[in-house]
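Examination of the molecular architecture
Okay, here's what each chain looks like letter by letter:
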Amino acid sequence: MTTPILSIENLAVIFKQPSGDVYAVRDVSFELHKGEILGIVGESGSGKTVTCRSILQLLPNNAQITSGHIYLDGNKDLLTLTSVELSKLRGERISMIFQSPSTYLDPLMTSGHQISEGLQFHGNMNPRESRQQSIQLLKTVRIREPEQRVNSYPHELSGGMKQRVMIASALACQPHILLADEPTTGLDVTVQAGLLKLLKQLRKEQEISIIVVSHDLGVIAEICDRVVVMKDGNVVETGPTRQILLRPQAEYTKTLISAHPSRFLNIHDHATHEDNVGGALEQPVLQIESLSVIFGYTGLLFHHLPEVLVKPLVQAVEDVTFDIKRGEAVGIVGESGSGKSTVARTIVRLIKPTKGKILYKGEDVHLMGTRNLLAYRRSIQLIFQDPFSSLNPRMTIYDTLAEPLRKHHICPDNEVDSQISELLASVDLSLSLKNRKPHEISGGQCQRVAIARALTLKPEIIIADEITSALDVTIQAQILELLEKLRVDMNLTILMISHDLGVVKRICERILVMHNGHVVESGAANQVILQPKDPYTKELVAAVPRMPTQ
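Note that the structure is a prediction, hence the values are computed from the model and not measured.

Scanning the chain for helices and strands turns up 22 helices and 20 strands. Relative to its full complement of 550 residues, the chain shows a buried share of 52%. The contacts in the chain between residues at least 6 apart in sequence include a share of 70% that link residues at least 24 apart. Taken as a whole, the chain presents about 25700 Å² of accessible surface, with 49% of it coming from carbon and sulfur. Across the chain, the 57 positively charged side chains and the 61 negatively charged ones have centroids separated by 2 Å.

On to the sheet that holds strand β16 (residues 380-383), then. Strands sit in the order β16-β17-β18-β13-β19-β20 across an open sheet of six strands; the sheet is mixed. Taken across any chain shown, the strands that pair with only one partner, and hence form the sheet edges, are β16 and β20 (518-524). Looking at each pair of strands side by side, their axes are set apart by 15° on average, direction ignored. For strand β19 (residues 510-515) and β20, the ladder comprises six bridges, and the chain directions are antiparallel. The residue bridging Ile511 from the neighbouring strand is Gly523, located in β20. Packing of helix α13 (residues 340-347) onto the sheet brings it into contact with β13 (329-333), β16, β17 (461-465), β18 (493-498) and β19, and relative to β18 it is tilted by some 145°. In this fold helix α22 (residues 535-543) packs onto β13, β19 and β20, with an angle of close to 105° to the strand it touches most, β19.

So, about the pairing of strand β14 (residues 355-360). Looking at chain direction, strand β11 (residues 284-295) and β14 are connected through five bridges and run antiparallel. Within β14, the residue paired with Ile288 across the bridge is Ile358. Pairing of β14 with strand β15 (residues 363-364), which is carried by two bridges, proceeds in the antiparallel orientation. Across the sheet, the residue bridging to Tyr360 is Glu363, located in β15. Between β14 and β15, which follow one another and run antiparallel, lie two residues, and Lys361 among them has a positive phi close to 55°.

So, about the nonpolar core. Leu6, Ile55, Leu78, Ile94, Ile167, Leu179 and Ile211 are the most contacted members of the largest nonpolar core, which totals 82 residues. For this core, the leading source of residues is helix α7 (residues 159-171), giving seven residues. For Ile94, the residues in contact, after removing those within four places along its chain, are Ile55, Leu56, Leu72, Leu78, Leu89, Pro175, Ile177 and Leu179. Core analysis: the second largest hydrophobic core is formed by 53 residues, Tyr398, Leu424, Val449 and Ala450 among them.

Right, let's get into the state of the cysteines. What the rule picks out here adds up to zero disulfides. With no disulfide of its own, Cys224 lies 12 Å from the sulfur of Cys52, the closest cysteine sulfur.

This part is about helix α19 (residues 473-490). For α19, which comprises 18 residues, the first-to-last C-alpha distance of 25 Å matches the rise-based estimate of 26 Å (1.5 Å per residue) to within 8%. Buried within α19 we find Val473, Thr474, Gln476, Ala477, Ile479, Leu480, Leu482, Leu483, Leu486 and Arg487. A positive phi of about 55° marks Asn491, the residue just after α19.

The subject of this paragraph is the confidence of the model for the chain. Confidence in the prediction of the chain, expressed as mean pLDDT, is 86, and 93% of residues score 70 or more. Note on residues 270-280: pLDDT is under 50 here. Beyond four places in sequence and across chains, it has 16 contacts.

A separate point is helix α5 (residues 127-140). End to end, α5 covers 20 Å across 14 residues, agreeing with the expected 20 Å (1.5 Å per residue, within 8%). Of the residues making up α5, those classed as buried are Ser130, Ser134, Ile135, Leu137, Leu138 and Thr140. Where the residues of α5 are buried, they touch α4 (111-122), α6 (146-149), α7 and α8 (189-206). Regarding α5, its N-cap is Asn126, as a side-chain oxygen of that residue lies 3.1 Å from the backbone nitrogen of Arg128 further along. Arg142 occupies a position one or two residues after α5 and carries a positive phi of about 65°.

Taken as a whole, this structure holds two aromatic pairs when the rule is applied. Geometrically, the ring pair formed by Phe98 and Tyr104 is stacked, given 4.2 Å between the ring centres and 15° between the ring planes.

Next up on the list: the domain arrangement of the chain. Along its sequence, the chain is organised into domain 1 (6-259) and domain 2 (284-298 + 308-540). A C-alpha centroid distance of 34 Å is found between domain 1 and domain 2. Contacts between domain 1 and domain 2 engage eleven residues on the former and twelve residues on the latter. Around 1200 Å² of area is buried between domain 1 and domain 2 when both sides are counted, 53% of it from carbon and sulfur atoms. Of all residues in domain 1, Asp188, Thr190 and His215 give up the largest surface area on contact with domain 2, accounting jointly for 41% of the area buried on that side. Between the two partners, domain 1 and domain 2, sit zero salt bridges. In this structure, the connection of domain 1 to domain 2 is made through two residue pairs in polar contact (both at pLDDT 80 or more). Split into classes, the residues belonging to the side of domain 1 that touches domain 2 amount to five nonpolar, four polar and two charged.

With that settled, the discussion passes to the packing of α4 against α5. In the contact formed by α4 and α5, the axes pass within 8 Å of each other and the chain directions differ by 120°. Every pair of crossing elements has a handedness; the one defined by α4 and α5 is right-handed. Together, Gly112, Ile115, Ser116, Leu119 and Gln120 of α4 and Pro127, Ser130, Gln133, Ser134, Leu137 and Leu138 of α5 make up the contact between the two elements. For the contact of α4 with α5, a count of residues per class yields five nonpolar, six polar and no charged.

Here we take up the side chain of Ser134. Relative to the helices and strands, Ser134 is located in helix α5. Those residues in contact with Ser134 that lie beyond four places of it in its chain are Gly112, Ile115, Ser116, Leu119 and Val150.

Before going further, it helps to spend a moment on the sheet that holds strand β7 (residues 177-181). The sheet built from six strands is open, its strands ordered β6-β7-β8-β3-β9-β10 with mixed pairing. Each end of this open sheet is capped by a strand with a single partner; those strands are β6 (94-97) and β10 (234-240). Within the sheet, the average angular offset between the axes of one strand and its neighbour, ignoring direction, is 15°. This element, helix α11 (residues 251-259), spans β9 (226-231) and β10 of the sheet and lies at about 105° to β9.

Reading guide: rules and limits
Residues numbered from 1 in each chain as written. Predicted model: local features only at pLDDT ≥ 70, side-chain atom pairs only at ≥ 80, totals over all residues. Heavy atoms only, no water. Helix = DSSP H or I, 4+ residues; strand = E, 2+ residues; numbered from the N terminus. Buried < 20%, exposed > 50% of the residue type's maximum accessible area, 1.4 Å probe, protein only. Contact = heavy atoms within 4.5 Å. Areas by Shrake-Rupley, 256 points an atom, 1.4 Å probe, with all protein chains shown as cover. Lys, Arg positive; Asp, Glu negative; His and termini not counted. Charge placed at Lys NZ, Arg CZ, Asp CG, Glu CD. Pairing = 2+ DSSP bridges. Axes fitted to C-alpha atoms, helices over the stretch in contact; angles between N-to-C directions. Core = buried A, V, L, I, M, F, W, Y, C linked by side-chain atoms within 4.5 Å. Disulfide = S-S within 2.5 Å. Expected span 1.5 Å × (residues − 1). pLDDT = per-residue confidence, 0-100. Polar contact = N/O pair within 3.5 Å; in protein donor to acceptor, adjacent residues only side chain to side chain. Phe/Tyr/Trp six-rings, centres within 6.5 Å; stacked < 30°, edge-to-face > 60°. Domains from an automatic or database assignment. Buried area = accessible area lost by both parts, 1.4 Å probe. Salt bridge = Lys/Arg side-chain N within 4 Å of Asp/Glu carboxyl O. Nonpolar A, V, L, I, M, F, W, Y, C, P; charged D, E, K, R; others polar. Left-handed = near helix turned anticlockwise from the far one by under 90°.

Here it is in structure tokens:
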């Protein structure tokens with residue numbers, strides 16, 4: 001048997017805290033072979049990213065590797081290297097792609113500058129040579145017009161292009177090993193499919209070995225030869241990918257597989273709307289008629305500005321029409337920039353429409369007077385994608401929930417405590433969390449608080465804007481189960497915004513597919529997902545990473 005290019009033996013990592021040491025990784029061992037793609041999968045806090053960062057010793061100051069070995073080529077223990085030796089190793093032999101390119105790319109540096117840094121440090125190239133090599137690397141990662149994009153700053157690039165720039169930077173010095181930490185998280189399915197295809201091509205063309213860290217088993221199934229499953233800092237199962245996914249031994253692995261949303265895509269759900277809400281369909285509670293939204297400066301106010309300073313007009317939404325009946329769940333899917341979130345924000349009057357109407361029980365919401373508008377704002381609530389950004393970091397959970405209760409006089413002051421207890425119970429949160437702030441609870445718990453806050457005003461309609469996109473699959477499944485339960489218990493109407501077709505199909509009877517501001521297809525969820533008609537819908541469905549079925 002060939003010597004592995006990288007082997008980790010009995011690795012243990014602790015984080016030093018005032019309250020005591022916390023084990024992030026315990027006795028972890030696995031191997032990576034030349035030309036292999038190895039997946040490490042698990043929920044947040046499982047230790048997968050800490051394990052990956054330990055290879056290059058890119059850990060926080062309070063982290064300490066307490067035991068173990070990390071061998072490169074079977075003989076060099078990376079944990080014994082000096083800081084000078086580590087600097088030479090990073091980028092030249094082993095490179096890393098980080099989870100959030102927007103965080104790790106310098107906003108003041110062009111794409112070419114970001115890539116050429118490593119070439120000048122490790123390859124002793126001059127600026128002209130490194131620029132030419134940067135253009136070639138942008139071609140390698142399939143970025144169009146690399147001669148122009150080499151001069152682009154991060155804010156001028158899409159999420160997928162930023163990730164490709166980071167991959168180009170990681171490949172600059174022709175490393176033997178590539179560490180990819182959640183490289184597809186937050187990306188649209190079509191962009192994600194392109195990146196996975198790129199990684200497979202790079203493995204083939206450059207014989208590079210890759211470790212992919214992910215919480216998404218669909219991604220792991222799509223690209224990896226073998227998989228390591230981690231939970232609470234321990235390896236619970238390891239083996240060939242198909243074997244692990246088709247015949248899992250550990251209960252935790254079975255839980256991850258059962259929670260993956262892609263398993264709902266091929267299920268023909270015969271449940272009707274009446275079955276779900278227990279009543280006949282009513283007249284539409286919300287009607288969107290010929291809605292159009294254009295962004296950009298217009299009018300005489302800016303006519304004196306130079307043309308380069310005036311933002312071009314952007315048609316974000318064009319001629320969108322649909323309705324939602326009381327108690328119904330409708331999904332809007334599409335890539336970033338398709339206009340789906342703009343529609344949601346226009347419905348709650350955060351954005352003014354350029355043309356068209358939004359009718360709530362027959363009344364145009366953008367023409368409402370003060371009294372009716374206040375009632376409308378109580379009746380429709382928007383849950384945002386990132387709860388850490390939408391919750392006030394200085395307010396406790398109790399204060400977050402108490403504020404709308406008092407502001408809208410939902411109950412007397414002496415009943416606020418009991419109302420908050422009921423709200424926390426309704427989203428399956430312990431009352432013991434009420435005095436904590438957002439940074440003191442998990443992402444899943446934060447999203448439950450955001451849902452509870454939306455329920456404080458007893459709304460008729462909930463708009464959920466990408467509320468599961470950053471969550472682990474098991475937490476994602478719990479949030480979707482909660483929404484389904486609340487919908488039945490409270491007869492809620494739900495508008496679900498997502499780029500994840502599996503998530504939308506699980507909870508919605510009808511689906512609208514948006515592309516470049518237009519609705520390109522709409523209909524029953526089963527019909528749209530299982531028998532798509534529009535080429536773009538077919539592309540979306542085909543791009544979803546799926547688990548093997550046999």
